[in-house]
Amino acid sequence: MSHSGGGGLPSVRDYHDRAKSILSKSVYEHFAMGAGDNGTVVENRRAYSRLLLQWRCLRGVEKLDLSTSVLGHHISSPICVAPSSMQKMACADGELAMSRACAKAGTLMTLSSWSTCSMEDVSNAGGVESPRWFQLYISPDRAFLQNLVQRAERSGFVALVVTIDLPRQGVRFANLRSGFAPPPHLSVVHYSLSGRAGGAGDDDYFRSSADVFIDPAMSWADIPWLKSVSSLPIVVKGVMSGDDAKEALRHGVDAIWVSNHGGRQLDGSPATIDVLAEVVQAVDGRVEVYVDGGVRSGTDVLKALALGARAVFVGRPPLWGLVCNGEDGAGDVLGILNHELEVALTLCGCSSVQSVPKSIVVPASRYRSVL
């Protein structure tokens, strides 16, 4: 899918800037900012600038193939959408608009369990054009969690994404300073419909939800339990070391997602792109590996593919599109990223996203002048 430029903005940065001007300060900061002093958010971006792409000329790249597969499901591009909470703060249709945008783009959407639209409605909105995954946290209420998992399976979601980097919520100064709380007319439907926490609009919102969302005692032993209550593949999201990747394999996961929660959990942690190669080496081809964090261009995507990612997930960029123009805005952002990926592939002499050599990525330090 190529970006046509039909009425949209030219770049992800432009969508970010427009969205920032539309949203209230507290909602923008909730979406954009990370833990502590925002160091990990910044590092996720900086790390990509430390990697350069090596041009390869006269390679006869006449036809490009961006298509690939994740867990056996065909997608039109390796650029997929990561889970983002409470998308009705971005536009009136929220996750429904994002689901439709992903379906039109032929790519994968991951629905946050902290969503403002039900999984059933999101599944219906997206139809059968592209696969959807459901993201969840390990809840201390296992009966509730089992019901949530089985609802996802009945609703047509094809994998479960278990976020493992949130035994408790990170310290987010931006939210604390702004006193952020979701608008009172919104609710986190998968939790409020259950009669549990999840109502919005008060300062104790996150703390009152913690007993449902987060189990600080969660451990690797919870992965086999999840597999026992669902036939869906299990993707663990939040792996940031080779050792944890090996532990995940020992407990039977089906795929590994390198993520630091968009920099929203632990300030001062490594960038995901810096960790990716270590995880890929540890996995050694036994399961697929994905990555998110700091991806803002098609060239970023190509760098991640070269370092071993099967798919690359973006969270904030399509959210900015959603703010600016709903479904069409999110779709346009995906189109921009895909067009940039096509150009980068061509200039690096690659015809397919499934055969990108690691050699096209080089450290920027190689070309520093010594004066």
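Residues numbered from 1 in each chain as written. Predicted model: local features only at pLDDT ≥ 70, side-chain atom pairs only at ≥ 80, totals over all residues. Heavy atoms only, no water.

A.B. asks: Would you mind going over the overall build of the chain with me for this structure?
C.D. replies: The number of helices and strands found in the chain is 14 helices and 12 strands. In terms of overall size, the chain behaves like a compact globule, its C-alpha atoms giving a radius of gyration of 20 Å where 371 residues would be expected to give roughly 21 Å. Overall, the chain is about 60 × 50 × 45 Å in size when its C-alpha atoms are taken along their principal axes. A buried classification covers 58% of the 371 residues belonging to the chain. Accessible area of the chain: about 15100 Å², with a carbon and sulfur share of 50%. The positive charge centre, built from 35 side chains, and the negative charge centre, built from 37, are 4 Å apart in the chain. (Helix = DSSP H or I, 4+ residues; strand = E, 2+ residues; numbered from the N terminus. Rg over C-alpha atoms; globule rule 2.2 N^0.38 Å. Buried < 20%, exposed > 50% of the residue type's maximum accessible area, 1.4 Å probe, protein only. Areas by Shrake-Rupley, 256 points an atom, 1.4 Å probe, with all protein chains shown as cover. Lys, Arg positive; Asp, Glu negative; His and termini not counted. Charge placed at Lys NZ, Arg CZ, Asp CG, Glu CD.)

A.B. asks: Looking at this model, I keep getting lost on the packing of aromatic side chains. Mind explaining?
C.D. replies: Any two aromatic rings considered together are summarised by their centre-to-centre distance and by the angle between their planes. Per the counting criterion, the structure on display carries 7 aromatic pairs. An angle of 50° between the planes, with centres 5.5 Å apart, marks the rings of W133 and Y290 as tilted. Within this pair, whereas W133 is found in strand β6 (residues 132-136), its partner Y290 is found in strand β10 (residues 288-292), the two being separated by 157 residues in sequence. One aromatic cluster is present, formed by W133, W257, Y290 and F313 through successive ring pairs. Above the plane of the ring of W225 lies R142, whose end atom (NZ or CZ) is 5.8 Å from the centre. Over the aromatic face of W257 sits the side chain of K237, whose NZ or CZ is 5.5 Å from the ring centroid. (Phe/Tyr/Trp six-rings, centres within 6.5 Å; stacked < 30°, edge-to-face > 60°. Lys NZ or Arg CZ within 6 Å of the ring centre and 35° of its normal.)

A.B. asks: Looking at this model, I keep getting lost on the environment of S130. Mind explaining?
C.D. replies: One can find S130 in the loop between α5 (119-126) and β6. When its relative accessible area of 9% is taken as the criterion, S130 is described as buried. Not counting residues up to four positions away in its chain, the partners in contact with S130 are C102, A103, G106 and T107. A polar atom in the side chain of S130 sits 3.0 Å from the backbone oxygen of T107. (Contact = heavy atoms within 4.5 Å. Polar contact = N/O pair within 3.5 Å; in protein donor to acceptor, adjacent residues only side chain to side chain.)

A.B. asks: When you look at the pattern of salt bridges in this model, what are you seeing that I'm missing?
C.D. replies: Between side chains of opposite charge, pairing is possible as soon as their charged atoms come close. Enumeration over the complete set of coordinates arrives at 14 salt bridges. The residue D222 makes a salt bridge to R142 at a minimum N-O spacing of 2.7 Å. Linking D222 in helix α10 (residues 222-229) with R142 in helix α6 (residues 142-154), this pair joins segments that are 80 residues apart in sequence. Residue classification places D222 among the buried residues on the basis of a relative accessible area of 10%. Linking E288 and R310 is a salt bridge whose minimum nitrogen-to-oxygen distance equals 3.9 Å. Placement of the pair is E288 in strand β10 and R310 in the loop between α13 (298-306) and β11 (311-314), with a sequence separation of 22 residues. (Salt bridge = Lys/Arg side-chain N within 4 Å of Asp/Glu carboxyl O.)

A.B. asks: Sorry if this is basic, but what is going on with the side chain of N260 here?
C.D. replies: Within the secondary structure, N260 sits in the loop between β9 (255-258) and α12 (272-283). Here the side chain of N260 touches P270 through a polar contact of 3.1 Å, landing on its backbone oxygen. Other than its neighbours up to four places away in sequence, N260 contacts T40, N44, D165, M240, Q265, S269, P270, A271, T272 and D292.

A.B. asks: Any chance you could explain α13 here in plain terms?
C.D. replies: Helical geometry note: an α-helix holds 3.6 residues per turn, so side chains three or four residues apart project in the same direction. By the criterion of burial, α13 is predominantly enclosed, with 8 of the 9 residues buried. G298, D300, V301, L302, K303, A304, L305 and A306 are the residues of α13 that are buried. Residue G308 follows α13 closely and has a positive phi angle near 115°.

A.B. asks: Sorry, what's going on with the state of the cysteines here?
C.D. replies: Here a disulfide denotes a covalent bond joining the sulfur atom of one cysteine to the sulfur atom of another. One pass over the full model with this rule turns up 0 disulfides. Considering cysteine sulfurs only, C102 is the nearest to C80, which forms no disulfide, with 8.3 Å between them. Take C80: its relative accessible area is 0%, and that puts it in the buried class. Here C350 is not disulfide-linked; the sulfur of C348 is the nearest cysteine sulfur, at 6.0 Å. Given the relative accessible area of 4%, C350 is considered buried. (Disulfide = S-S within 2.5 Å.)

So far we have only geometry, and geometry alone does not tell us how the molecule works.
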